[in-house]
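Remarks on the overall topology
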Amino acid sequence: MIPVDEALEKILSHFDVLEADDELVLDSLGRVLAEDIYSTVNIPPMDNSAMDGYAVQAQSTAGATRSSPNILGVIGEVAAGYLTKEEVMPGTAIRIMTGAPVPKGADAVVQFEHTDEEIRKAQDQPLTEIGVLRQVEEGLNIRRAGEDISSGSLVLKKGTLIRPQEIGVLASLGREVVPVIRRPLVAILSTGDELVDVGKPLPLGKIYSSNTYSLAAQVIRYGGTPKILGIARDNVQELEDKIKQAQDADLLITSAGVSVGDYDIVKDVLARQGEVTFWTVRMKPGKPLAFGLLRLGKSMIPQLGLPGNPVSSMIAFEQFARPAILKMLGRENLDKPTIHAKSESRVKNTDGRRIFARVWVSKQEGQYSARVVGPQGSGILTSMAQANGLMIVPEDVPSVEVGDDVVVQMLDWNEET
Ligand code: AMP
Ligand code: MG
């Protein structure tokens, strides 16, 4: 048996960051920036008002108070998106809206609340004059041109993971397309005579190929594009034909056919087409695993052979395929998010493997606790559906007792987009 970490290290050594691709700005969400982004503009482009109010010269407000306001002549009005030709002089003001460019001559904005506009309006007086109720400093309520981003500056670095806020920054620069690392294409092939695709009647003795869909969903969740190759029966010709369709993929994931007792055809075909190693990994579930490079046409395609049992295949995917996909996407952190919790359940570890127990993590009195959900057999997919995390029982821990501190890999976490 080989340790989980060694299997992962060996697998990851065969993957590199993929090339860049231009994507529409919104489609770059969750992707990694492939180039530094510099600004060619100032943001904001002009000095503008941070408040609705009156643009003035600060000196015109000297000594103003509520009981003795400074009365200024209102010479115009400017809304966001418009320019005004008027120039503010000592003793005058221009009514201004938030975001509107600050008129020439003005060096401060007095917000409405610090003027007598309300009173004048209530008395039906025309706003040809305005009383300023307090003295203001130069620069008050003015957002300076380039205060957020100055033209020529480095705004986002290559390697940045694009979140909604980066999308906003890119859009504020006017970027319609963004260079990001492309999504890996991940071919998924289920193998086994017993398998039937969804939507078809189920003959006695057969099962639906749930792995095809759970694995494809995992590929999507972690940022890859699945290419479903369907089901290959346990015969050489069919397997070889299906595998050929993975030629353009960045990774081929096969399900089933890797355990010791398995019908040898899958192993034979994989071994014949490349260098594939069959491992027993020190983990539970998910012990049997295959990894290698397949020669398909002119290319060598990494192939990951996951166990057939529905839970094993999903958990092995989380441990081995997810980091490979993230590495190809240029992501820096390949680790699944973990939390510390108190175990509410007892889990025995009989043969020194790393156990991934399906648990529900909840917060109780400010502390996370993890409770094992449902039967833990590797064919019981519904207990996977009840879980939000995988409690890790380390290889050298013979059992986790109720109340023990444990580490839980979170299946659900706001890491993916
Ligand atoms: P194997 O790895 O071929 O020994 O399969 C182990 C178990 O997983 C068997 O019970 C299979 O029927 C089941 N299995 C294999 N492939 C799939 C699949 N695509 N979807 C659901 N169950 C599967
Ligand atoms: Mg089988």
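To be clear, the structure that these remarks concern was listed above.
Keep in mind it's a predicted model, so treat the numbers as computed, not measured.

1. A few points about the overall build of the protein chain
For the protein chain, the helix and strand inventory stands at eight helices and 27 strands. A compact globule built from 417 residues would reach a C-alpha radius of gyration of about 22 Å, whereas the protein chain, at 32 Å, exceeds it by more than 25%. Counting only C-alpha atoms and orienting by the principal axes, one finds that the protein chain spans roughly 95 × 55 × 40 Å. Considering the protein chain as a whole, with its 417 residues, one finds that 49% of them fall into the buried category. Put simply, 71% of the contacts in the protein chain that link residues at least 6 apart link residues at least 24 apart. Per element, the accessible surface of the protein chain, about 20000 Å² overall, is 51% carbon and sulfur.

2. Points about the sheet that holds strand β15 (residues 225-232)
Reading across the sheet, the six strands line up as β15-β12-β16-β20-β19-β17 and stay open at both edges, with mixed pairing between neighbours. The strands lining the two open edges of the sheet, one partner per strand, are β15 and β17 (274-280). Each adjacent strand pair in this sheet contributes to an overall mean axis angle of 20°, direction not counted. In the sheet, strand β19 (residues 288-296) pairs with strand β20 (residues 299-306) via seven bridges, with the strands oriented antiparallel. Across the sheet, F291 pairs through a bridge with L304, a residue of β20. Seen against the sheet, helix α5 (residues 236-244) touches β12 (185-191), β15, β16 (251-255) and β19 and runs at an angle of roughly 170° to β15. Relative to the sheet, helix α6 (residues 265-273) contacts β12, β16, β17, β19 and β20, its axis offset from that of β17 by approximately 135°.

3. Considerations on the pairing of strand β5 (residues 70-78)
When β5 meets strand β8 (residues 129-132), the two strands line up antiparallel, connected through four bridges. Along β8, the bridge assignment pairs G73 with E129. Of the strand pairs in this sheet, β5 and strand β6 (residues 92-96) are connected by five bridges, and their pairing is parallel. Bridging from a neighbouring strand, G73 pairs with T92 of β6.

4. Some points on the site of ligand 1
Taken together, 16 residues surround ligand 1, and among them E194, S209, S210, G308 and N309 come closest. One of the backbone nitrogen or oxygen atoms of S210 is found 3.2 Å away from a nitrogen atom of ligand 1. G308 has a polar backbone atom sitting 3.1 Å from an oxygen atom of ligand 1. For ligand 1, whose free accessible area comes to 490 Å², the fraction covered by protein is 78%. Listed by contribution, the elements that provide at least two residues to the shell around ligand 1 are β14 (207-208) and α4 (210-221).

5. Quick notes on the nonpolar core
Counting residues in each nonpolar core, the largest one holds 45 residues, and the members touching the most others are I253, V281, L289, L304, F317 and F320. Looking at this core element by element, the count peaks at eleven residues for helix α7 (residues 310-328). With near-sequence residues (within four places) excluded, L304 lies in contact with I11, L251, L252, I253, T254, L289, A290, F291, F320 and A321. By size, the runner-up hydrophobic cluster in this structure holds 19 residues, among which are L229, L239, L252 and L296.

6. Concerning α6
Along α6, the residues classified as buried are I265, V266, K267, V269, L270 and Q273. Along its buried surface, α6 packs onto β12, α5, β16, β17, β19 and β20.

7. Some thoughts on a negative patch on the surface
On the surface, D21, D22, E35 and D36 cluster together into a patch of negative charge. The residue D36 is located in the loop between β1 (20-24) and β2 (37-38) in this model.

8. Looking at a nonpolar patch on the surface
On the surface, V198, L202, Y208, Y213 and I228 cluster together to form a nonpolar patch covering roughly 420 Å² of accessible area. Within the element layout of this structure, I228 appears in strand β15. When its relative accessible area of 41% is taken as the criterion, I228 is described as partly exposed.

9. Notes on the packing of aromatic side chains
We describe a pair of aromatic rings using the distance from one ring centre to the other and the angle between the two ring planes. The tally for this structure, following the rule as stated, stands at three aromatic pairs. Measuring from centroid to centroid gives 6.2 Å for F15 and F291, while their planes differ by 50°, and the two rings are tilted. Taken together, the positions of F15 in the loop between α1 (4-12) and β1 and F291 in strand β19 put the pair 276 residues apart, joining distant regions of the chain. Residue F291 is classed as buried on the basis of its relative accessible area, which comes to 4%. Arranged with centres 5.9 Å apart and planes meeting at 65°, the rings of Y54 and F112 form a pair that is edge-to-face. Of the two residues, Y54 is situated in strand β4 (residues 53-56) and F112 in the loop between β7 (108-111) and α2 (117-122); the sequence distance between them amounts to 58 residues.

Parameters and conventions
Residues numbered from 1 in each chain as written. Chains lettered and ligands numbered in written order. Predicted model: local features only at pLDDT ≥ 70, side-chain atom pairs only at ≥ 80, totals over all residues. Heavy atoms only, no water. Helix = DSSP H or I, 4+ residues; strand = E, 2+ residues; numbered from the N terminus. Rg over C-alpha atoms; globule rule 2.2 N^0.38 Å. Buried < 20%, exposed > 50% of the residue type's maximum accessible area, 1.4 Å probe, protein only. Contact = heavy atoms within 4.5 Å. Areas by Shrake-Rupley, 256 points an atom, 1.4 Å probe, with all protein chains shown as cover. Pairing = 2+ DSSP bridges. Axes fitted to C-alpha atoms, helices over the stretch in contact; angles between N-to-C directions. Near = heavy atom within 4 Å. Polar contact = N/O pair within 3.5 Å; in protein donor to acceptor, adjacent residues only side chain to side chain. Core = buried A, V, L, I, M, F, W, Y, C linked by side-chain atoms within 4.5 Å. Patch = residues over 30% accessible without salt bridge, like charges linked within 9 Å, V, L, I, M, F, W, Y side chains within 5 Å. Salt bridge = Lys/Arg side-chain N within 4 Å of Asp/Glu carboxyl O. Lys, Arg positive; Asp, Glu negative; His and termini not counted. Charge placed at Lys NZ, Arg CZ, Asp CG, Glu CD. Phe/Tyr/Trp six-rings, centres within 6.5 Å; stacked < 30°, edge-to-face > 60°.

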